[in-house]
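Spelled out from the first residue to the last, the chains are:
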Amino acid sequence: MTTRAAGAVDAIYRLQVGFGLTGRNEMDFNLPAEDDARRLEVRRWFEENPNPTYDQLAKQGYTVPHWPAPWGLSADPELQLIIDDEFERAGVKHPMKINPIAVNQCGQSLLNYGTEELRQRFLPPGLACEELWTMLFSEPSGGSDLGALRTQARRDGDDYIINGQKIWNSLAHKAHVGVILVRTDPTAPKHRGLSMFLIDMKSPGIEVRPILDMSGHEPEYNEVFLTDVRVPASQRVGEEGQGWQIVVEQLQTERMKIANPGAMWGYGPTAHELVYGLIETGKIKDPLIRDEAAGLYAEGELLRLLGARNLSARMNGKPAGLEANLGKMIASPHGQRLSTLAKRAEGVAGMLRDDEELPLPMHDYGMFDTWDYCYWFGPAATLGVGTQEVLKNTISERLLGLPRDLDPTAKMPFNEIGRPELKAAS
Amino acid sequence: MDFTLSDEHLALQDSARNFLTKEVKLEPYLRTEANEQPVARDGLWPSIQALGWPGLVVPEAYGGLGMDYLDLVMIVSEMGRTLAPSPFFGNLAGTWAIERCGSEDQKQALLAQVAAGELTLALAVADPNGDVNGQSSAARATASGDQWKLNGKKSFVVEAGSADKIVVVADIDGQQAFFVVDAKAEGVHIERLDWRDITREVNSITLTDVAAERLPHSDADSWLWIRDRLYLVLAAESTGGAEQSLAETVAYAKERVAFGRPIGFYQSIKHDLAELAGGIELAGAGVQFAAWALSENHPDARKAAAIAQSYASEQYSAMTFRSIQVFGAIGFTWEMHNHLYYKRARANAELLGPPCDQREQLICMLEAEHRAAA
């Protein structure tokens, strides 16, 4: 069972504490066989097309196989796993790694919420990685409390005019398309007055500034300032007021991908590579390192299995997302412990910038390809895509049914929040 | 490829749950008398035997139901969930020892009786000094003609008090070997230990020139084969028990009011329970995979068993401790369930070695794989 297998699914599940539901045959953890007819077909395509362009991959349906035609193959999770497997075998970089926002969570929304025009305009260049996408959700005033966002979009004829500020936007400096969540109705309660748009990142009025983070590496995140940015109404995704519903689905999808046992958001080296490095350097002989490495290896395997089980639930047609929260809640700290143990095993030399003491086996680790980067970026793992505190609230409230935390501003019109007479009353 | 349980598995789980929920009575263990003397066993074990559960994984050739380990964990999880005081674990341990090491004749004779509910077994592997892998020669076997005689002591034997026959791990000139003795044979002295987990009976055994039958097919892997399966059973018990502890704790947190709200409203409480819910879910996945892998004789089965046991016992320990904290002082009293689960958790984390032992085994296996790949 491999990381890429458990990570292949771009899906929504319903959690069953205890055992999953079924309808099918015997439990079987074996992946589709080498001589599986579907696998052979995919392998043949890769052999005939050894250096496929992203456009070719998209047209073949391999970029988003689980989507319906004409974009994908309506592939079940088994076929998705096969395709992902064959991507790796062929040594072809998956488009998910180039344009994740389009290929993973946000592009998918256009299937259910977009117009046909919107799909035809944005999906082909998005899936072909010709137009990079960025997410514009969080704001300085609210990351966890996304519903309290302040960026507004005001209707003006056939357009909307957007003013505000976004933050923590990956790829914003390179992106052509921004997926933005804005407030279209300030008189509605906070979650109800939100809408989603696709905007042209080269529009006048958009300014992108990179944010240097503590890792000191090439900035991953940006601030985006929007001043009187015009966007055609035709680029609104779904109806006015549907923004929150859409974004919740996207977050669940994103969390699913992140619940893999890699060092940083499911990506990067895993406990397998950590153990490899510790054995190669002899550091595995230290009893405390040994014990902790074993515990992480065990937990990593269990995270893979959880992903596999959720995968099967998906195959049995179970809807919706709580498992994603559970997986991320465990996987993010798991990743932090991996890179912390790697750093500790490196000793004092580990404090040298980019110094890599533990060898990594040859593999494409994506962006997070050194233990050093994973470690200094690590604190972000439990912040982005849902902090631990938010995830634990969601799990305890929606899964265990414990009483909900209160937000006294949730039901009042957004534009009345923080008014002086209300402050005095509390 | 299917990582979920089949309808048959779920049906078995349901029927086990219904049966045990009705039949297991924990109230006697919560009375103050239980602190002074052992609670008398009721008719639970005969009822379990009548259901055929002791023969669940005994191969059909020897009169059993020949089901796989996924079926087994369906039942064992429910036994863990209810604590089901009975010799099931001890009997299963003895049964596996005979299946692995016995001659054809011995298997035909003994396993069929176990499956029919006519014979209860136990396995004496641990030594009084705490060596749970039976390696310290506390019991020795000497040949006497074509017979064997056992001398010495074994301890921490689960449910020897209910056994008709006991499989004893004893030493022949420094080599580990397996024997069967009659529990009532001359020279066998069984004592009940003052074991904190009162839902199990745990015994010490003193052997003085006890006539024993050897199980001829033991080798260097025998104990490990048995231990893999016992790890699975403990992990399944622990996961079921942890789930029950979580459910009872969540229910309490929704009811108990403090400072104007149900205490489950407070983040310090709900966040801890969310973490534990995640860990227990992971433990469950580990148990299922280990059950499948052992049934398939998968190359990763031994690793899977060690992973399942180490993780499940830690989750069970953490959950049962947290449960007492959430209940507050009342959770600390003898009359509440919490201590029974807490004690089973501690016991399951030590009976066959602590989690760090299983983690050490795991690393040794990974090191061996690394060497082999080089």
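Residues numbered from 1 in each chain as written. Chains lettered and ligands numbered in written order. Predicted model: local features only at pLDDT ≥ 70, side-chain atom pairs only at ≥ 80, totals over all residues.

## Some remarks on the overall build of chain B
What chain B contains, in helices and strands, is 11 helices and nine strands. A compact globule built from 374 residues should have a C-alpha radius of gyration of about 21 Å, and chain B, at 21 Å, falls within 12% of that. Taken across its 374 residues, chain B has 55% of its residues classed as buried. Pairs at least 24 residues apart make up 72% of the contacts formed inside chain B by residues separated by at least 6 positions. (Helix = DSSP H or I, 4+ residues; strand = E, 2+ residues; numbered from the N terminus. Rg over C-alpha atoms; globule rule 2.2 N^0.38 Å. Buried ≥ 20, exposed ≤ 12 C-beta atoms within 10 Å, placed from the backbone. Contact = placed C-beta atoms within 7 Å.)

## Some remarks on the pairing of strand β4 (residues 165-172) of chain B
Among the eight residues in β4(B), seven count as buried, and that is most of the element. Hairpin connection from β4(B) to strand β5 (residues 175-182) of chain B: two residues lie between these consecutive antiparallel strands, with Asp173(B) at a positive phi of about 50°. (Pairing = 2+ DSSP bridges.)

## Quick notes on the domain arrangement of chain B
Residue and element names in this part refer to chain B. The domain architecture assigned to chain B consists of domain 1 (7-115), domain 2 (121-215) and domain 3 (222-373). One C-alpha centre belongs to domain 1, the other to domain 3; they are set 20 Å apart. Contact with domain 1, which involves 24 residues of that partner, is made by 26 residues of domain 3. Those elements that provide at least two residues to the side of domain 1 that touches domain 3 are α2 (27-30), α4 (69-82) and α5 (88-101). The dominant element in the side of domain 1 that touches domain 3, judged by the number of residues it contributes, is α4, at 10 residues. Within the side of domain 1 that touches domain 3, the residues separate by chemical class into 16 nonpolar, four polar and four charged. (Domains from an automatic or database assignment. Nonpolar A, V, L, I, M, F, W, Y, C, P; charged D, E, K, R; others polar.)

## A short note on the environment of Gly295(A)
The topology assignment puts Gly295(A) in helix α11 (residues 287-315). Among the residues examined, Gly295(A) registers 23 C-beta atoms within 10 Å and is labelled buried.

## Side note on the packing of helix α14 (residues 388-399) of chain A against helix α8 (residues 267-296) of chain B
Their axes nearest at 8 Å, the elements α14(A) and α8(B) cross at an angle of 85°. If you check the angle between α14(A) and α8(B), you find them roughly perpendicular. The segment α14(A) lies against α8(B), with Lys392(A), Ile395(A), Ser396(A) and Leu399(A) engaging Lys270(B), His271(B), Leu273(B), Ala274(B), Glu275(B) and Ala277(B). Considering only residue class, the contact of α14(A) with α8(B) consists of five nonpolar, two polar and three charged. (Axes fitted to C-alpha atoms, helices over the stretch in contact; angles between N-to-C directions. Parallel < 35°, antiparallel > 145°, perpendicular 65-115°, else oblique.)

## As for the domain arrangement of chain A
All names here are of chain A. The domain architecture assigned to chain A consists of domain 1 (132-241) and domain 2 (259-399). Averaged C-alpha coordinates put domain 1 and domain 2 at centres separated by 30 Å. Across the boundary between the two partners, domain 1 contributes four residues, which contact five residues of domain 2. Within the side of domain 1 that touches domain 2, the residues separate by chemical class into one nonpolar, three polar and no charged.

## Observations regarding the pairing of strand β3 (residues 159-167) of chain A
Residue and element names in this part refer to chain A. As judged from the five bridges shared by strand β2 (residues 152-156) and β3, these two strands associate in the antiparallel manner. Paired with Arg155 across the bridge in β3 is Tyr160. Strand direction decides the pairing type here: β3 and strand β7 (residues 221-232), joined by eight bridges, are antiparallel. When the bridges of β7 are listed, Asp159 appears paired with Pro232.

## Here's the deal with the nonpolar core
Among the nonpolar cores identified, the biggest contains 176 residues, and Ala124(B), Leu150(B), Val168(B), Phe179(B), Leu232(B), Ala290(B) and Ala308(B) are the most heavily contacted of them. When residues of this core are assigned to their parent elements, the largest contribution, 16 residues, is made by α8(B). Listed in part, the 56 residues of the second largest apolar core include Tyr54(A), Val64(A), Leu171(A) and Val179(A). (Core = buried A, V, L, I, M, F, W, Y, C linked by C-beta atoms within 7 Å.)

## Brief notes about unusual backbone geometry
Cis geometry marks the peptide bond from Ala69(A) to Pro70(A); its omega dihedral reads 5°. The topology assignment puts Pro70(A) in the loop between α3 (54-60) and α4 (77-90). If you check the backbone angles, Leu83(B) has positive phi at about 70° while not being a glycine. One can find Leu83(B) in the loop between α4 and α5. On the basis of neighbour count, Leu83(B) is assigned to the buried category, with 24 C-beta atoms found within 10 Å. Of note, the phi angle at Asp173(B) is positive, near 50°, even though the residue is not glycine.

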